[in-house]
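Below, each chain spelled out in residue letters.
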Amino acid sequence: MIKKFKVGDIYLQEWIPTLDDINNYAELSGDYNPIHINLEIVKKLGYSKVIVHGNLTCSVISKVIGMHFPGKGSLILDQTVSFPNPIFPNDVIKFEFLVLSVNYELNILEIKLRAYKSNKEKMNTNQAVLRGKIICQI
C-alpha cells in the first residue's frame, strides 16, 4: 500500500464542529473546562462563543489517518500539533495533509498538517487553527 504514496501527495478534509460535538466530547473525555461549555465564562474572557477542545480537533486527524489517508491499517507513531487560534462551533475548518517523506522499507510516512478557518472555498491563511506533523506506519 505504501508504494502508492509519494512526496507532495495532498489530502484535504473539511470539518464543521457543532455544539453537540463539543458536549459529546466533554462527556466522553471528562473535560468540562468552562471555556468549552460555559458561554458566560467565555464572554468574561473576551470570546463570543465557547472554544472547541483541541483534542476534539485532533480526532479529525485520527479519522483521516485511520480511514482515508493513508487509510485502514495505519498507525500513528508520533503526532505533534499546535493551535495558534481558537476554533468555535460552526466554523468551517479545512485540513491539509501533505506527505513530506516516504520510507518504503519501513512503511512510514511523514505528513505535515495544516488547518484553517475557511472563507467559503478559499483557505484563509491568516486564520490558521492547527499546525503539526504526523509520523505514521502503514
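Details of the structure are given in the entry above.
The rules we used
- Residues numbered from 1 in each chain as written.
- Predicted model: local features only at pLDDT ≥ 70, side-chain atom pairs only at ≥ 80, totals over all residues.
- Heavy atoms only, no water.
- Helix = DSSP H or I, 4+ residues; strand = E, 2+ residues; numbered from the N terminus.
- Buried < 20%, exposed > 50% of the residue type's maximum accessible area, 1.4 Å probe, protein only.
- Core = buried A, V, L, I, M, F, W, Y, C linked by side-chain atoms within 4.5 Å.
- Contact = heavy atoms within 4.5 Å.

**Student:** Looking at this model, I keep getting lost on unusual backbone geometry. Mind explaining?
**Tutor:** It is generally the case that most residues other than glycine have a negative phi and that most peptide bonds are trans. Geometrically, the link from Phe-69 to Pro-70 is a cis peptide bond, its omega value of 10° lying close to zero. Residue position: Pro-70 is located in the loop between helix 4 (54-67) and strand 2 (75-82). Look at Asn-90: it is not a glycine, yet its phi comes out positive at around 70°. Tracing the backbone shows Asn-90 in the loop between strand 2 and strand 3 (93-103). A relative accessible area of 51% places Asn-90 in the exposed class. In the Ramachandran plot, Asn-107 falls in the positive-phi region, its phi being about 60° despite a non-glycine side chain. Structurally, the position occupied by Asn-107 is in the loop between strand 3 and strand 4 (108-119).

**Student:** Which parts of the structure should I look at to understand the nonpolar core?
**Tutor:** One recurring pattern in soluble globular proteins is that nonpolar side chains are buried together. Trp-15, Ile-61, Phe-95, Phe-97, Leu-109 and Ile-111 are the most contacted members of the largest nonpolar core, which totals 29 residues. Of all the secondary structure elements, the ones that give two or more residues to this core are helix 1 (19-29), helix 4, strand 3, strand 4 and strand 5 (122-137). At 6 residues, helix 4 tops the list of elements feeding residues into this core. Among all residues touching Ile-111, those that are not within four sequence positions of it are Ile-65, Phe-69, Pro-70, Phe-97, Leu-98, Val-99, Leu-100, Gly-132, Lys-133, Ile-134 and Cys-136.

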